[in-house]
Amino acid sequence: MASNEEKIESLPPLKMTRQHYLLYVMIALFMYSTVCSVVVETQYAYYAVQRERNVTGSVSRDTSCTANKSTSQYLLQQEIQRETAQWNAYGHIASAFPALIMTILVGSWSDKIGRRVALIIPILGLIFKCSFLAISVQLEWNIYYLLIPFFVDGIAGTSVGFICAALSFTADLTKYGKTRTFGIVLVEMTLGLGVTTANITSGYLIRYTGFLYSVVACLSVAILTLILIIFLPETVQSKKNFQSVSQIQYFKNSINFYIHKGPSRWKYIILAASFSLSVMPTIGRNNVQIFYLLNSPYCWSSVLIGWFGAARSVSELIIGLGLVRLLRKCMSERQMLFAGTLSAIGYYTLMSTAVNDIMVFLTPVVGIMSHYPKPMIRSLMSAITARDEQGAMFGGLTAIESTSALLGSVLANFIYGETVAIYRGIAMAIFGVCHFIALCLISVFIFREKREKKIPEDVNVGDEKIIYAIKM
């Protein structure tokens, strides 16, 4: 692999047309279907375990939330949470292991055979998962049958594979510097739009149509996303026969950034480790937080949980990321990365100690910048990677994301299941510790860059930035 400093921007960005903006519509639709299906399957699993325990429906919020912790009702709640969390952990294990391999391969493949193929594969996995879930709900199968669609979705790359392809697509169409940063942030904001809409509507779908029709709605949106790909232009111009390169070479292309001796290797390693520590809490909290809010002392309904998820998404992914362009005028990417990590620590500290609804709804305000680490790290890594290696780099980073998602989801569910009877906020506190370790690594990264005095020199020209890479 040639030195990155010698071949940064080896290929010019493509001209963006109106049809390319279709990608952002697809991202929003795909994330809507993904998040909505996750909310439905998690709450359905909780309902299915209740059904097996002959618990019919939920008691009123007042009686449930004032129940004595020594009563059989409270103890049964904890047992149902523990069992559902355990199932959730197994599901993420089933999907994350195959996803780890596929995201590396598909990321590198897309550099050779095109980005559209890399977008199609995860959509097909989502369609299968929603279809299987719908059948399972209708026939009232045991929830452990749902491990099958988890595994198939993992083979297809899951949502992280789709995001990897979308980021590579964006890298093909943007220049390095502020333009690239804003392009990546725009992807994250579009993800936020899909997540927010899914959180708001999923609760109402479950309440007024039931689990089956909620899943059918997710399936319909996934199929629509697949149809839209027909109209999306390809950004990889010269396609090569992907069989001309061995599968082992595809793996090597994605990991060379971390093992190939060069002046940028330490940057890749520290940034990737920080990225991993930022992903684990973000992915791990998604399901655990639902259990956290379904039971005492909150006992929230699916609608209220949906609104909280929407508030969190609007704060972090729309308002928070929407401020990036403004903050970029007075803050560097490294400063925003540092501030975002501090914001995440505040979020989990408040959530782990919350005792009422007001404190819970304040967490999105505290965590308004908590989503900054992911796009900032992606942008920093993209800036030191040649354009014709963007797919391999994002593929490797997505594999790290898959691994971190696996660890975060499994550990979160197991920790929550085992500690819920002791103190329900332990899992959230551990997430805060992950971000604190990431903060330490980021500090090392910034300090070492300044110490070496060989940081790329920035020259602002209008709204773009020219990066002079200093050969070491």
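Naming follows an unreviewed UniProt entry, where the protein chain appears as SLC46A1 of Mytilus edulis. In its Subcellular location (unreviewed entry) section, UniProt records this for the protein chain: "Membrane".

A.B. asks: Help me understand the overall build of the protein chain in this model?
C.D. replies: In terms of regular secondary structure, the protein chain is built from 17 helices and two strands. With 472 residues in all, the protein chain has 58% of them scored as buried. Put simply, of all contacts in the protein chain between residues at least 6 apart along the chain, 86% involve residues at least 24 apart.

A.B. asks: Looking at this structure, how should I read the packing of aromatic side chains?
C.D. replies: Ring pairs (aromatic) are described by centroid distance and by the angle formed between their planes. Summed over all chains, the structure comprises 23 aromatic pairs. Plain terms: the ring middles of Tyr 90 and Phe 414 are 6.1 Å apart, the flat faces sit at 75° to each other, and that makes the pair edge-to-face. Linking Tyr 90 in helix H4 (residues 72-113) with Phe 414 in helix H16 (residues 390-419), this pair joins segments that are 324 residues apart in sequence. Both rings, one in Trp 300 and one in Phe 361, keep their centres 5.2 Å apart while their planes meet at 25°; by these two values the pair is stacked. One end of the pair, Trp 300, is in the loop between helix H10 (265-294) and helix H11 (302-322); the other, Phe 361, is in helix H14 (residues 357-366), with 61 residues separating them in the sequence.

A.B. asks: Sorry if this is basic, but what is going on with unusual backbone geometry here?
C.D. replies: Negative phi is the rule for most residues except glycine; trans is the rule for most peptide bonds. Of note, Thr 158 is a non-glycine position whose phi angle comes to about 55°, a positive value. Tracing the backbone shows Thr 158 in helix H7 (residues 158-173). In this structure, Cys 299 is a non-glycine residue whose phi angle is positive, near 55°. Mapping Cys 299 onto the fold places it in the loop between H10 and H11.

A.B. asks: When you look at the side chain of Glu 41 in this model, what are you seeing that I'm missing?
C.D. replies: You can see Glu 41 is positioned in helix H2 (residues 22-52). Judged by relative accessible area, Glu 41 falls into the buried class, the value being 4%. Among residues more than four places away in sequence, those in contact with Glu 41 are Trp 87, Lys 129, Leu 133 and Phe 150.

A.B. asks: Quick question: what am I supposed to make of the pattern of salt bridges here?
C.D. replies: Any two side chains of opposite charge can pair, on the condition that their charged atoms come close. Enumeration over the complete set of coordinates arrives at twelve salt bridges. A salt bridge links Arg 378 to Glu 188; the shortest N-O distance between them is 2.3 Å. You can see Arg 378 sitting in helix H15 (residues 373-383) and its partner Glu 188 sitting in helix H8 (residues 178-228), a full 190 residues away along the chain. As far as burial versus exposure is concerned, Arg 378 and Glu 188 are alike and both buried. Residues Glu 401 and Lys 374 are paired through a salt bridge, measuring 3.3 Å at the closest nitrogen-oxygen approach. On the criterion of sequence distance, the pair formed by Glu 401 in helix H16 and Lys 374 in helix H15 is long-range, its members being 27 residues apart. For Lys 374, a relative accessible area of 8% puts it in the buried group. What you see here is one network of salt bridges that share partners, running through Arg 53, Glu 79, Arg 82 and Glu 83.

Analysis parameters
- Residues numbered from 1 in each chain as written.
- Predicted model: local features only at pLDDT ≥ 70, side-chain atom pairs only at ≥ 80, totals over all residues.
- Heavy atoms only, no water.
- UniProt positions renumbered as here; feature names shortened; annotations may be inferred.
- Helix = DSSP H or I, 4+ residues; strand = E, 2+ residues; numbered from the N terminus.
- Buried < 20%, exposed > 50% of the residue type's maximum accessible area, 1.4 Å probe, protein only.
- Contact = heavy atoms within 4.5 Å.
- Phe/Tyr/Trp six-rings, centres within 6.5 Å; stacked < 30°, edge-to-face > 60°.
- Salt bridge = Lys/Arg side-chain N within 4 Å of Asp/Glu carboxyl O.

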